[in-house]
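Listed here are the chains, written in short residue letters.
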Amino acid sequence: MEIVALQVLNSLFYAAVLFLIAAGLSLIFGVMGIVNMAHGSFYALGAYITAWAVAAAAPAIPAAALFVLLFVGALGVAAIGLAIEPTLIRPFYRRPEEYQLLVTFGLLLVLEDLIRLVWGGTPRTASTLVDSLGLIQIGGLPYPVYNLVMIGVGVAAAAALWAFIYRTKFGVLLRATAQDRRMAAALGINVERIYILAFGLGCFMAGLAGAIVVPTQAAVLGMGVEVLVIAFVVVVIGGLGSLEGALVGALVVSALRTITIQFWEEFELAALYLIAAIVLLIRPTGLFGRKG
Amino acid sequence: MSRRQLGAAALVLIALALVPVLASTYQTQLLTYGLTLAIAALGFNLLLGYTGLLSFGHSAYFGAGAYAVALMMRYSGIASMELFILGGVLASAALAALFGIVCVRHTRIFFAILTLALSQVLWTLAYKFFWITGGTDGLRVPFAKLTLLGGLVSADAFDKFVNAYYYYVLAVFCVCVALMWLIVHSPFGKTLQAIRDNETRARFLGVRIWRYRWLAFLVSGIFTGLAGILWVPLNGLTTPDVLYWPQSGKIVFFAVLGGFRNFTGPIVGAVIFNYLEVYAIAATEYWQLALGVVLIVLVTFLPAGIVGTAQRLAARSR
Amino acid sequence: MTLLRTEALKKHFGQTRAVDGVDFIVNQGEFLSLVGTNGAGKTTLVNLISAFLAPDSGRVFIGDRDITTASVHERIRAGIARSFQLVNLFDDLTVLDNVALAIFARERKTQRILAVAERDTAVTREASELLAAFGLAAKAAAPARGLAQGERKLLDVAVAYALRPKLLFLDEPTSGVSTRDKAQIMDTVSAVVRGGGITAVVIEHDMDVVFKYSDRVVVMHEGRFLADGPPEAIRRNSEVAKHLLGTDV
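Keep in mind that what you see is a predicted model, and the values were worked out from it rather than measured.

The rules behind each value
The residue numbers shown here count from 1 along each chain, following its written sequence. Labels follow written order: the first chain is A, the first ligand is 1, and so on. For this predicted model, a pLDDT threshold of at least 70 governs which residues receive local features, and a threshold of 80 or more governs which side-chain atom pairs are given and counted, while totals over whole chains, interfaces and linings are taken from all residues. To qualify as a helix, a DSSP run of H or I must reach at least 4 residues; to qualify as a strand, a run of E must reach at least 2; elements of each kind are numbered from the N terminus. Just to be clear, the radius of gyration here is over C-alpha atoms, and the globule rule we use is 2.2 Å times residues to the power 0.38. To assign burial, the other C-beta atoms lying within 10 Å of each residue's own C-beta are counted, with C-beta atoms placed from the backbone; 20 or more indicates buried, 12 or fewer indicates exposed, and intermediate counts indicate partly exposed. Here, residues touch in the contact sense if the C-beta positions derived from the backbone fall within 7 Å of one another. For two strands to be treated as a pair, DSSP must find at least two bridges joining them. Structural elements are reduced to axes, namely lines fitted to C-alpha atoms, with helices fitted over the stretch in contact, and the angle between N-to-C directions of any two is expressed from 0 to 180 degrees. Roughly parallel means an angle under 35 degrees; roughly antiparallel means over 145; roughly perpendicular covers 65 to 115; every other angle is labelled oblique. Crossing handedness is defined as follows: a turn of the near helix away from the far one that is anticlockwise and smaller than a right angle gives a left-handed crossing, while the clockwise case is right-handed. Following the grouping adopted for this structure description, the nonpolar residues are Ala, Val, Leu, Ile, Met, Phe, Trp, Tyr, Cys and Pro, the charged ones are Asp, Glu, Lys and Arg, and the polar ones are all others, Gly among them. Across the chain, each position has a pLDDT score giving the predictor's confidence in that residue, from 0 to 100. Buried Ala, Val, Leu, Ile, Met, Phe, Trp, Tyr and Cys residues whose C-beta atoms connect them within 7 Å together make up a nonpolar core. The path from the first strand over the helix to the second decides the hand: if it runs clockwise while the strands point away from the viewer, the crossover is right-handed. The span expected for a helix works out to 1.5 Å for each residue beyond the first.

Peer 1: Can you help me understand the overall build of chain B in this one?
Peer 2: A count of helical and extended segments in chain B gives 14 helices and four strands. For a compact globule of 318 residues, the expected C-alpha radius of gyration is about 20 Å, and chain B comes in at 19 Å, within 12% of that figure. Dimensions of chain B, computed from the C-alpha atoms along their principal axes, are close to 60 × 45 × 40 Å. Taking all 318 residues of chain B together, the buried fraction comes to 55%.

Peer 1: In this structure, what is going on with the overall build of chain C? I would like to understand it.
Peer 2: Secondary structure summary: chain C contains nine helices and 11 strands in total. Against the compact-globule benchmark of 18 Å for 249 residues, chain C has a radius of gyration of 18 Å, which places it among compact chains. Overall size of chain C, expressed as C-alpha extent along the three principal axes, is 55 × 40 × 35 Å. By the burial criterion, 45% of the 249 residues in chain C qualify as buried. For chain C, contacts bridging at least 24 residues in sequence account for 68% of all contacts bridging at least 6.

Peer 1: It is not clear to me how the sheet that holds strand β8 (residues 167–171) of chain C should be interpreted in this structure. Could you clarify?
Peer 2: Strand pairs in the sheet, formed through backbone hydrogen bonds, run parallel or antiparallel to each other. Residue and element names in this part refer to chain C. Strand order in the open sheet formed by six strands is β7-β8-β9-β4-β10-β11, and the pairing between neighbours is mixed. Looking at strand neighbours, the two that pair on one side only are β7 (80–82) and β11 (224–229), the edges of this open sheet. On average, each strand axis in the sheet is inclined to that of its neighbour by 20°, with strand direction left out of account. The sheet contact formed by strand β4 (residues 31–35) and strand β9 (residues 199–203) spans four bridges and is parallel. In the strand pairing of β9, Leu34 is matched with Ile203.

Peer 1: What is the right way to read the packing of helix α3 (residues 59–76) of chain B against helix α10 (residues 209–235) of chain B from this model?
Peer 2: When two helices pack together, you describe them by how their axes are tilted relative to each other and by the distance separating the axes. Residue and element names in this part refer to chain B. The geometry of α3 relative to α10 is characterised by a closest axis approach of 6 Å and an angle of 45° between their N-to-C directions. When the interaxial angle is binned, α3 and α10 end up oblique. The way α3 lies across α10 gives a crossing that is right-handed. Contact with α3, carried on its side by Tyr61, Phe62, Gly63, Ala64, Gly65, Ala66, Val69 and Ala70, involves Gly221, Thr224, Gly225, Leu226, Ala227, Gly228, Ile229, Trp231 and Val232 of α10 and no other residues of that element. Taken together, the residues that form the contact of α3 with α10 break down as 11 nonpolar, six polar and no charged.

Peer 1: Please explain the interface of chain B and chain A as it appears in this structure.
Peer 2: Buried accessible area, meaning the area lost when the parts come together, often serves as the stated size of an interface. Of the residues lining the interface, 34 residues belong to chain B; the matching set on chain A comes to 33 residues. Elements supplying a minimum of two residues to the side of chain B that touches chain A: α5 (108–128), α11 (245–258) and α13 (287–301) of chain B. For the side of chain B that touches chain A, the leading source of residues is α5 of chain B, giving 14 residues. Classifying every residue of the side of chain B that touches chain A by side-chain character gives 24 nonpolar, seven polar and three charged.

Peer 1: Would you mind going over the interface of chain C and chain B with me for this structure?
Peer 2: With 26 residues of chain C at the contact, the number on the chain B side is 20 residues. Sorting the residues of the side of chain C that touches chain B by element identifies α2 (72–77) and α3 (95–106) of chain C as the ones contributing at least two each. Here the side of chain C that touches chain B gets five residues from one element, more than from any other, and that element is α3 of chain C. Class assignment for the residues of the side of chain C that touches chain B results in 15 nonpolar, four polar and seven charged.

Peer 1: Please explain the confidence of the model for chain C as it appears in this structure.
Peer 2: Should pLDDT be low for a region, the predicted coordinates there are not to be read in detail. Residue and element names in this part refer to chain C. Looking at chain C as a whole, its pLDDT mean stands at 91, while 98% of the residues score no less than 70. Per-element confidence in chain C ranges from a low mean pLDDT of 74 for helix α9 (residues 238–245) to a high of 96 for α3. For this predicted complex, the interface confidence score (ipTM) comes to 0.89, while the overall pTM stands at 0.88.

Peer 1: It is not clear to me how the environment of Ile103 of chain C should be interpreted in this structure. Could you clarify?
Peer 2: All names here are of chain C. Within the secondary structure layout, Ile103 lies in helix α3. Using a count of 24 C-beta atoms within 10 Å as the deciding quantity, one classes Ile103 as buried. Sequence-wise, Ile103 and Met207 are 104 residues apart; in three dimensions their C-alpha atoms are separated by 33 Å.

Peer 1: How should I be thinking about unusual backbone geometry in this particular structure?
Peer 2: Note on backbone geometry: most residues besides glycine have negative phi, and most peptide bonds are trans. The backbone of Arg108 of chain B shows a phi angle near 50°, a positive value even though the residue is not glycine. Along the polypeptide, Arg108 of chain B turns up in helix α5. Even without being glycine, Arg108 of chain C reaches a positive phi, approximately 55°. Among the structural elements, Arg108 of chain C can be located in the loop between α3 and α4 (121–133).

Peer 1: Even after reading the chapter, I still don't get the pairing of strand β1 (residues 135–138) of chain A, so can you show me in this structure?
Peer 2: Residue and element names in this part refer to chain A. Bridging between β1 and strand β2 (residues 141–144) involves four bridges; their strand directions are antiparallel. Residue Ile138 lies in a different strand from β2, and its bridge partner there is Leu141. The loop that links β1 with its antiparallel partner β2 comprises two residues; one of these, Gly139, has a positive phi angle of about 55°.

Peer 1: Just checking my understanding: could you explain helix α1 (residues 42–49) of chain C for this structure?
Peer 2: For the α-helix, the turn length of 3.6 residues means that residues three or four positions removed from each other point alike. Most of α1 of chain C sits inside the fold, with eight of its eight residues counted as buried. A positive backbone phi angle near 70° is found at Ala51 of chain C, which sits one or two residues after α1 of chain C.

Peer 1: Where do I start with the nonpolar core in this structure?
Peer 2: Soluble globular proteins: nonpolar side chains tend toward being buried together. Core analysis: the largest hydrophobic core is formed by 298 residues, its most contacted members being Leu18 of chain A together with Ala158 of chain C. Considering every element that reaches this core, the biggest residue donor is helix α1 (residues 2–32) of chain A, with 18 residues. In contact with Leu18 of chain A, not counting residues within four places along its chain, are Ile230, Ala231, Val234, Ala250, Val253 and Ser254 of chain A.

Peer 1: Sorry, what's going on with the pairing of β8 of chain C here?
Peer 2: Taken residue by residue, a regular strand's side chains alternate between the two faces of the sheet. Residue and element names in this part refer to chain C. Across the five residues that make up β8, a large majority, five, are buried. Residues of β8 alternate between two faces, with Leu167, Phe169 and Asp171 on one and Leu168 and Leu170 on the opposite face, all of them buried. Regarding the hand of the β-α-β motif, the stretch spanning β8, helix α6 (residues 179–195) and β9 is right-handed.

Peer 1: Sorry if this is basic, but what is going on with helix α10 (residues 223–238) of chain A here?
Peer 2: Residues and elements named next belong to chain A. Here α10 is 16 residues long and its end C-alpha atoms lie 22 Å apart, about the 22 Å a rise of 1.5 Å per residue gives. Among the 16 residues of α10, 15 are classified as buried, and the element is accordingly described as predominantly covered. Looking one or two residues beyond α10, the residue adopting positive phi is Gly239, at roughly 110°.

Peer 1: Please clarify how the environment of Glu244 of chain A should be interpreted in this entry.
Peer 2: All names here are of chain A. Relative to the assigned elements, Glu244 resides in helix α11 (residues 243–263). For Glu244, a count of 15 C-beta atoms within 10 Å puts it in the partly exposed group. Separated by 225 residues in the primary sequence, Glu244 and Phe19 have C-alpha atoms spaced 9.8 Å apart.

Peer 1: For this particular structure, what's the right way to read the environment of Phe211 of chain C?
Peer 2: All names here are of chain C. You can see Phe211 is positioned in helix α7 (residues 207–213). For Phe211, a count of 16 C-beta atoms within 10 Å puts it in the partly exposed group. If near-sequence neighbours (up to four positions away) are discounted, Phe211 is found in contact with Pro231 and Arg235.

Here it is as structure tokens:
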């Protein structure tokens, strides 16, 4: 019974991470109509930057202050995103979709190798953060408090994002642009600014996901692509371009993953894709997807 | 085909036939890799260039061909290249037929994601069922009996094998190019291009879109599978890497490098890419970075690829 | 003789009654114009008949055969072809290939995978003749993308015509072209279509064109038929004048 409780918590932690990544992917697609193949690499960047910052700062500052560094990772990735959108992505909005996919694929190749260039092949960790919060007894079994806190961060991030998109003026502009770019431009909305901010926000969330993960498991090469493929499953199940979909998709996928790892480890990914394929066959736009 | 094109093709063929005579064993071997990959590129481009579907999962069919050969050798001791081709083509065709049913219901992004996802499933299966596939160690295919070119040529007579195998691959390559040329110029091929240009209108000519996309998917998978089959004895080993996404990425790269709105583009792209990869790996550890930069520059500034751009320049200078 | 018949055909989009219980009859051999203001339901009606949209209720018959649930593919086999309001071509194929493709589709040759399309002399010849009839012979080898607007309109009709349907729907074949091109397009289209013995239903806004070329005119207004008769009768119809000539032309 306690094992089940821990598995549920693990699953929720993983869901929080997946939601951040998938929601960013979905946001960028929903607003800009671009599927960012390099999105997983932004997640990896977030993990590496955080691990690097924690390692550099750990001897100098108290453990509690290290938590600020999670945001350093996320903001660093957001800054990179803000630089990339106008230079690399912007020339592609009017071009066929193949080219948009190809340019972000090129970006993925570059980022994956840049990570290797900067941080090398050895795994990077930031476990100080987990250690600093210690363990809690759940039904007699120890569980890291860090994971519980981060589940809370995930919930808070989801709520903040929802409020941002549905309750602020910027959110209205964002949704208007997502509905119809040309109409938005005709109404005097600065579409370029919306795009760059949406891209930056998406990158921030991917970076935050990486930052949250890296204290619990080491940042390794290839983690970006691995998560990209799973994030695709999340958005395919939930519906590309939908925040509710990203949330439900993340919960479904992480639960499914926890179960298959427990009972049928070889088929972990296969089971995920099978579900995604079935959803696509029954509801081509996903559970919460819009048409088009 | 115009007389000039036929003449050019004949010249290229003669030049290719002379390579083992004039060049070193190493260079011959390199070009054999290039020609093998070109067959995969031809198959891939039937989908991207002619049907308008971007697959990020063609590693699946390449790997299906490669693993079919390796498993045949490991479990039934088969060594005949002709049987390899037969078995490998059947395996990749079966896989493409199955995956195709799922994928061709979608276009654009969803198609790209689905093809990527399905290929990753195959990769994890090859990785995790190590007692069958050898896991990360892979499966060895040290030699193949080239029935058409006589006798068993094993690793002992390495030079002889390389040359014989080169001609074998060249012959298959020529057949593939001719076949694909016929396919894209056939009523079927024109129908695919029509679907690419305007799906709705094609539907209102009475064309059943899914059926044609599925057939294109199948043919594309078979060509790519054939490339995997030919690649294994050359490489001597197949590992899960051939099923992994970077392999699909490479195949995409071939087409973009040469130009995918162009029949010869992907062929040229594959051969050039092969040299780039070999020499870039030798020159730098970070060749994937270089590759990414090249890809971004290509799609930003030279979307027609090498062949397309060359043709445009030639047309302008005339 | 009745070629096509609809029974109480209905399609609503939310509050909009695009097509609101229409009984439409097309007789064999006529050249019929479907007119009405924007939003009167003309294109929706054609979309329902060609299976581009599914009706909310009502039935469609071709001859005695109920094709209400038939797919696009089946309706084309039953002899219904259409063109589109916004020109819909295969832009990267040549002009000749655009037409040849329709012929291949009609002859069920599109699955031939190992034969060079151009070598099919029967199809190539028919396509060339058709292009000549539509005045596009000089452009045969050019990609469709490069055509002028009037030529695109003609090619669009030619592609639909190449299916040799019993019934051809043309959705605004002259929209977006100059007055002079309009006359030329309609002269060509009506000559070829009548010459081929094909029944045609044309959606058209320009009442001069309508009165000059049609055998019969059907006027739609807010999803229903307002008037139906020969051009002279429609010209004298005061209801039509109020709703159509007064506002739109």
